[in-house]
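# Coordinate inspection notes
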Amino acid sequence: MSANTRLTIAAHALTWIGLHQRRGHEVATSGQIATSVNTNPVVIRRLLADLRKAGLADSRRGAGAGWMLSRGLTDITLLDVHEAVEPGPVFALHRSTPDPECVVGERIGPVMTAIYREIEATLRKELAHTTLEDVLRDILQAA
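Okay, so let's go over this structure.

Scanning all chains against the criterion turns up 9 salt bridges. Note that E26 is salt-bridged to R60, the shortest N-O span being 2.5 Å. Here E26, found in the loop between helix 1 (6-22) and helix 2 (30-37), pairs with R60, found in strand 1 (residues 57-60); they are 34 residues apart in sequence, far enough to count as distant. Taking relative accessible area as the criterion, E26 reaches 56% and is therefore assigned exposed. The class of R60 is partly exposed, set by a relative accessible area of 31%. A salt bridge links D138 to R137; its shortest N-O distance comes to 3.1 Å. Look at R137 and you get partly exposed, because its relative accessible area is 41%.

Written as structure tokens, this is what we have:
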């Protein structure tokens, strides 16, 4: 099973748009963003649609069409981005009910639920402490 990259791609796209705007551009096209991410513009448009629904990005149609941030980079946390593109829990239990006659099958659900709850609380706390401004700062310092 491969790791999910939606949070990374969404953070990449929003951070790129923010930098693009700081450099004097009103909007960024999905093609420009896709070039930076090295993916198809359709992938970017789909992801940005989710970000727009969450109030993190906005789009303009017609002449001068493109994408812009709805809020500044300092006002968007990685938790905001995560919730926009990855609603629901990070981990899940079995799709089917394990054997209730088995000592492991009977107790695995409650035990793993408690562990996952703690992990998710820690994850959410850490993501809430990091803004896209922090991400851009670290990117520019590493350059």
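So, about the environment of E106. Within the fold, E106 resides in helix 5 (residues 103-128). Separated by 24 residues in sequence, E106 and H82 have C-alpha atoms that sit 32 Å apart. Setting aside residues no more than four positions away along its own chain, E106 makes contact with D99 and P100.

Right, let's talk about the layout of surface pockets for a bit. Considered as a void within the structure, the largest pocket measures approximately 250 Å³ in volume. Contributing to the lining of the largest pocket are 11 residues, with N4, H82, E86, P89 and V90 lying nearest its centre. Across the lining of the largest pocket, the residue classes tally to 7 nonpolar, 3 polar and 1 charged. Taken as a whole, the second largest pocket holds about 180 Å³ of empty space. The leading source of residues in the lining of the second largest pocket is helix 3 (residues 41-53), at 3 residues.

Taking 1.5 Å of rise per residue, the 13 residues of helix 3 would be expected to cover 18 Å, and the 18 Å separating its terminal C-alpha atoms lies within 8% of that figure. Turning to helix 3, its buried residues number three or more, namely I44, L47, L48, A49 and L51. In this structure, the buried residues of helix 3 make contact with helix 1, helix 2, strand 1, strand 2 (66-69) and helix 4 (78-85). The N-cap residue of helix 3 is N40: its side-chain oxygen and the backbone nitrogen of V42 are 2.8 Å apart. Immediately downstream of helix 3, the backbone of G55 shows phi near 80°, a positive value.

Now for the packing of aromatic side chains. The description of an aromatic ring pair uses the distance of the two centres, along with the angle that the planes make with each other. Under the definition given, this model contains 1 aromatic pair. Their ring planes at 25° and their centres at 4.8 Å tell us that F91 and Y116 sit as a pair that is stacked. Of this pair, F91 sits in the loop between helix 4 and helix 5 while Y116 is found in helix 5, placing the two residues 25 residues apart along the sequence. On the accessibility criterion, F91 (36% relative accessible area) is partly exposed.

For the rest of this paragraph, the subject is helix 2. When we look at burial in helix 2, the residues that qualify are S30, I33, A34 and V37. Projected onto a plane normal to the axis of helix 2, the buried residues spread over an arc of 100° and lie on a single side. Where helix 2 terminates, the next one or two residues include N38, which has phi positive at roughly 65°.

Between helix 1 and helix 4, the shortest axis-to-axis distance is 9 Å and the interhelical angle comes to 120°. One way to sum up the angle between helix 1 and helix 4 is to call them oblique. Of the two elements, helix 1 crosses helix 4, and the hand of that crossing is right-handed. Every residue of helix 4 that contacts helix 1 at R6, L7, A10, A11 and L14 is listed here: L78, V81, H82 and V85. Its residues placed into classes, the contact of helix 1 with helix 4 shows 7 nonpolar, 1 polar and 1 charged.

About the criteria used
- Residues numbered from 1 in each chain as written.
- Predicted model: local features only at pLDDT ≥ 70, side-chain atom pairs only at ≥ 80, totals over all residues.
- Heavy atoms only, no water.
- Salt bridge = Lys/Arg side-chain N within 4 Å of Asp/Glu carboxyl O.
- Helix = DSSP H or I, 4+ residues; strand = E, 2+ residues; numbered from the N terminus.
- Buried < 20%, exposed > 50% of the residue type's maximum accessible area, 1.4 Å probe, protein only.
- Contact = heavy atoms within 4.5 Å.
- 1 Å grid on protein atoms, 1.4 Å probe; cavity = no way out; pocket = protein on both sides within 12 Å on 5 of 7 lines; lining within 4 Å.
- Points joined across faces, edges and corners; volume = space filled by probe spheres on them.
- Nonpolar A, V, L, I, M, F, W, Y, C, P; charged D, E, K, R; others polar.
- Expected span 1.5 Å × (residues − 1).
- Polar contact = N/O pair within 3.5 Å; in protein donor to acceptor, adjacent residues only side chain to side chain.
- Phe/Tyr/Trp six-rings, centres within 6.5 Å; stacked < 30°, edge-to-face > 60°.
- Arc of directions from axis to C-beta.
- Axes fitted to C-alpha atoms, helices over the stretch in contact; angles between N-to-C directions.
- Parallel < 35°, antiparallel > 145°, perpendicular 65-115°, else oblique.
- Left-handed = near helix turned anticlockwise from the far one by under 90°.

All we've got here are geometric facts, nothing functional implied.
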